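So the chains spell out like this:
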Amino acid sequence: MSPSPSPSPSPVALGGSRSLSVSMQAVVSAVVQAVLAGGGSVSVGCCVGADAQVIQSVLAAGGAARLSVFGVGGLLCGVGRGWCSLSALPAVLAAAAAGARVSWWAGGSSVVPLAARLIRRSQAVVSSAQALVLFQPGSGSLAVAAIAVAQGKTVLAFSGHSLPVLPGGCQPPAPIPGCAGAWVPSFFAGFACLQWQPAQVSLFEL
């Protein structure tokens, strides 16, 4: 049984692959525009790929005031500290300059190891929103999805190679690790996508 079409909850966390296809970049832009047009706000991380595309799309739509960016690093005298090769620091700086809310060191201070800061940063992004929407999610994004499921948040995904017209046009991602359930057709912000439907626990299993 498919869930009801999903509205655009606010705020919504957007993220996904660090290597988006060109067609998926267009999907990100279209979804961001729809979220902002519906009065929603956006939370996002700080990586290259989907995060950077979300930031760029929000700024291009003039929605900086409704954007929250969670950075794994910080700034010292205008120079970035605590970032890594997968960080989209230029996009984060552009967001800050445009008036977006940037949470520096969102995963902890520089004394916290980078891997732990990245996980905590992702937890902060998920905790800030009512739903998590992923674009072309891979193993890293699905690990973040598991955090969202554990928090009882709605998780949706766009995983096809082009903007889907019908729910059947979406190719499902891999299952969310450690979570019983399945991807089912749904909608977000007016676009067909996939939603994670947790498995129902039978009374006989209790």
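Structure shown above.
It should be emphasised that the depicted structure is a prediction, and the values quoted were computed from it without experimental measurement. (Residues numbered from 1 in each chain as written. Predicted model: local features only at pLDDT ≥ 70, side-chain atom pairs only at ≥ 80, totals over all residues. Heavy atoms only, no water.)

**Structural notes on the overall build of the protein chain**
Here comes step 1: When you go through the protein chain residue by residue, the secondary structure sums to 5 helices and 10 strands.
Here comes step 2: Sequence separation of 24 or more characterises 66% of the internal contacts of the protein chain that already satisfy a separation of 6 or more. (Helix = DSSP H or I, 4+ residues; strand = E, 2+ residues; numbered from the N terminus. Contact = heavy atoms within 4.5 Å.)

**Re the nonpolar core**
Here comes step 1: Residues Leu-67, Phe-135, Phe-158 and Phe-188 are the most contacted members of the largest nonpolar core, which totals 38 residues.
Here comes step 2: With 7 residues, the single largest contributor to this core is helix α1 (residues 22–37).
Here comes step 3: The contact partners of Phe-135, leaving out residues within four places of it in the chain, are Leu-14, Gly-15, Gly-16, Ser-17, Leu-20, Met-24, Val-27, Val-28, Val-31 and Phe-158.
Here comes step 4: Within the second largest apolar cluster, 20 residues are counted, among which are Val-125, Ala-145, Ile-147 and Ala-157. (Core = buried A, V, L, I, M, F, W, Y, C linked by side-chain atoms within 4.5 Å. Buried < 20%, exposed > 50% of the residue type's maximum accessible area, 1.4 Å probe, protein only.)

**Description of the layout of surface pockets**
Here comes step 1: The volume enclosed by the largest pocket comes to roughly 490 Å³.
Here comes step 2: Lining the largest pocket are 28 residues, with Arg-121, Ser-122, Gly-140, Ser-141 and Val-144 positioned closest to its centre.
Here comes step 3: No other element matches helix α4 (residues 114–127), which puts 7 residues into the lining of the largest pocket.
Here comes step 4: When grouped by side-chain class, the residues that make up the lining of the largest pocket number 15 nonpolar, 10 polar and 3 charged. (1 Å grid on protein atoms, 1.4 Å probe; cavity = no way out; pocket = protein on both sides within 12 Å on 5 of 7 lines; lining within 4 Å. Points joined across faces, edges and corners; volume = space filled by probe spheres on them. Nonpolar A, V, L, I, M, F, W, Y, C, P; charged D, E, K, R; others polar.)

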